[in-house]
Structures are given as structure tokens and as C-alpha cells.
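# Notes for the structure review
Listed here are the chains, written in short residue letters.
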Amino acid sequence: SSTVVGDVARMKWGTTEEGKKQTATAFPSLSAVGATWDRELTRQFADALGKEARFRGKDMQLGPGVNIHRTPLCGRNWEYFGEDPAHAAKMVVPYIKGLQQNDVAATVKHFVANNSEWNRYRVDSDPDERTLREIYFPAFEAAVKQGGVLSVMSGYNKVRGEWCSHSDYLNNQILKKEWGFKGLVVTDWDGLHD
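Residues numbered from 1 in each chain as written. Predicted model: local features only at pLDDT ≥ 70, side-chain atom pairs only at ≥ 80, totals over all residues. Heavy atoms only, no water.

## Comments concerning the overall build of the protein chain
- Along the protein chain, the regular secondary structure elements total 8 helices and 9 strands.
- Partitioning the intrachain contacts of the protein chain with sequence separation of at least 6 by distance along the chain shows that 79% fall at a separation of at least 24.
- Carbon and sulfur atoms form 52% of the exposed surface of the protein chain, whose accessible area is close to 9,800 Å². (Helix = DSSP H or I, 4+ residues; strand = E, 2+ residues; numbered from the N terminus. Contact = heavy atoms within 4.5 Å. Areas by Shrake-Rupley, 256 points an atom, 1.4 Å probe, with all protein chains shown as cover.)

Here it is, written out as C-alpha cells:
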């Protein structure tokens, strides 16, 4: 409930420098947050995350994840809002605003079509343009245009034969030119190949 989120946001997470490093609140997964369908609660949830991150001296969060639940076997489904692109697009905006109001940058991830843990470093997704725009892009576009996200993390995978982290189409044509993104594009760990 919003009362619980508010109580968590007011907690003290440690009184010493060591305490700040050693303690953290165990928040629900984004799948659980997405299942609420409650945008105001999502904003409060992210505000609590942002308050804790700021208290602990953190400037950036590697989240939220907005990939689509395409298979129950995806090992990262717990950190995504769900299987519906329109729902994810609606939920990501209050999350970003709630987090970033605490001077903590959100990093929406994993751009884009990164829906498999199996073979994740070599998989090549080949969605057509319509599928990209109707299934995979909506939450990322909302994060940029409506949420004002400060950072985007590229996926490990390839899209149409090109690594997401190297893709002119994804990073320059879509993110920067079409959507007007002016923030940081960061690769996932070991996601740079040149």
C-alpha cells in the first residue's frame, strides 16, 4: 500500500558510513509493481527507491527494466513490468519521475528486443519495423519522451545482425534523432564489442 511505501521512504537506512554501504531495503520486483496497475503507487515506490539511493550517496540506478515478457523462461522477467507494451509504457513514466525527483538518474533498460537469458551474449533478434514499434519500442519511447529518463542501457543482444551497443539505427536514428534523447547511453556489462 502507499502507506507502506511512505513508511519505507522515511526510514533511516544506517547511521554510519559503513551502515550506508551494508543496509538496503528489499523492495518488490517490478513484475509485482506492474501487477498493481497503480501508477501513483509506482511513483511512490520509485520515490522510496530514490530516497534510499540518495541517502546512500548513489547517483544512478540501473533500472527500470522495460523489456517485454515474451517467454516465461526469460531469467529477467522479474525486473520487467509485464507482457503488454502499452502497460509498460504507462508504468515506466511515474517510476522515472519518482526516482529522478531525488537527484538519482534512472537507466531504462535493455534497449531493445532483449528478451532471452539463454545465449544472451550471442542472440540476434530480427523483428520487423512494425514489431519494433508496436511491441519493443513503446516503453522506451515513453521513458524518453514523457518520463525524461536520463540514461538508457543497451541490450547484450544483436538486432538485425548488429550489436545493440553499436547500432546507429537504435542509438542515433531512433533514440537521439527521432525521440530527442539527450542523456547517457550505457552498455550492459561486457556489452561493448569494439
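## Concerning the sheet that holds strand β8 (residues 162-163)
- Across the sheet, which stays open at both edges, the 3 strands sit in the order β5-β7-β8 with mixed pairing between neighbours. Looking at strand neighbours, the two that pair on one side only are β5 (124-125) and β8, the edges of this open sheet.
- Here β5 runs beside strand β7 (residues 158-159); their pairing, made up of 2 bridges, is parallel. For D124, the partnering residue across the bridge sits in β7 and is K158. (Pairing = 2+ DSSP bridges.)

## Observations regarding the nonpolar core
- In this structure, F81, V92, F111, V112 and V149 are the most contacted members of the largest nonpolar core, which totals 39 residues.
- Looking at this core, the elements that each hand over two or more residues are α3 (30-36), α4 (39-55), α5 (85-100), β4 (105-111), α6 (129-136), α7 (138-145) and α8 (168-178).
- Residues in contact with V149, not counting those within four places in the same chain, are I96, Q100, A106, T107, V108, A143, V144 and F181. (Core = buried A, V, L, I, M, F, W, Y, C linked by side-chain atoms within 4.5 Å. Buried < 20%, exposed > 50% of the residue type's maximum accessible area, 1.4 Å probe, protein only.)

## Section: the confidence of the model for the protein chain
- Predicted confidence across the protein chain gives a mean pLDDT of 89, with 89% of residues reaching 70 or more.
- Low pLDDT (under 50) marks residues 1-13, which in the prediction has 18 contacts with non-local residues, meaning those over four places away or in another chain. (pLDDT = per-residue confidence, 0-100.)

## Some details on the side chain of Q100
- On the secondary structure map, Q100 appears in helix α5.
- What Q100 contacts, discounting residues up to four positions off in sequence, is A105, A106, G147, G148, V149 and L150.

## Observations concerning the pairing of strand β2 (residues 65-68)
- Across the two faces of β2 the burial is the same, with G65 and N67 and V66 and I68 all buried.
- Pairing geometry for β2 and strand β3 (residues 80-82), over 2 bridges, is parallel. Of the residues in β3, the one forming a bridge with I68 is G82.

## Here's the deal with α8
- Along α8, the residues classified as buried are L170, N171, I174 and L175. Along the axis of α8, the buried residues cluster in a sector spanning 125 degrees; they form a single face.
- Contacts made by the buried residues of α8 are with β4, α6, α7, β6 (151-154), β7 and β9 (184-186).
- Put simply, S167 is the residue that caps the front of α8, since its side-chain oxygen is 3.4 Å from the backbone nitrogen of Y169.
- A positive backbone phi angle near 75 degrees is found at G180, which sits one or two residues after α8. (Arc of directions from axis to C-beta. Polar contact = N/O pair within 3.5 Å; in protein donor to acceptor, adjacent residues only side chain to side chain.)

## Side note on the pattern of salt bridges
- On inspection of all chains with the given rule, the structure shows 10 salt bridges.
- R160 is the partner of E129 in a salt bridge, and the nearest nitrogen-oxygen pair spans 3.1 Å. Here E129 is found in helix α6, whereas its partner R160 is found in the loop between β7 and β8, with 31 residues between them in sequence.
- For E129, a relative accessible area of 29% gives the class partly exposed.
- Within the structure, one salt-bridge network assembled from shared partners comprises E129, R133, R160 and E178. (Salt bridge = Lys/Arg side-chain N within 4 Å of Asp/Glu carboxyl O.)

## A word on the packing of aromatic side chains
- Overall, the coordinates contain 8 aromatic pairs when judged by the stated rule.
- Geometrically, the ring pair formed by F27 and F45 is edge-to-face, given 5.6 Å between the ring centres and 85 degrees between the ring planes. Placement of F27 in the loop between α2 (17-22) and α3 and of F45 in helix α4 is noted, with a sequence separation of 18 residues between them.
- Given a relative accessible area of 23%, F27 falls into the partly exposed group.
- An aromatic cluster is defined as three or more aromatic residues linked by ring pairs; in this entry it consists of F27, F45, F81 and Y95. (Phe/Tyr/Trp six-rings, centres within 6.5 Å; stacked < 30°, edge-to-face > 60°.)

## Focus: the packing of α5 against α7
- Their axes nearest at 8 Å, the elements α5 and α7 cross at an angle of 25 degrees. The pairing of α5 with α7 is recorded here as roughly parallel in orientation. In this structure, α5 meets α7 at a crossing whose hand is right-handed. Touching P85, A88, A89, V92, V93 and I96 of α5 are P138, A139, A142 and A143, all from α7. (Axes fitted to C-alpha atoms, helices over the stretch in contact; angles between N-to-C directions. Parallel < 35°, antiparallel > 145°, perpendicular 65-115°, else oblique. Left-handed = near helix turned anticlockwise from the far one by under 90°.)

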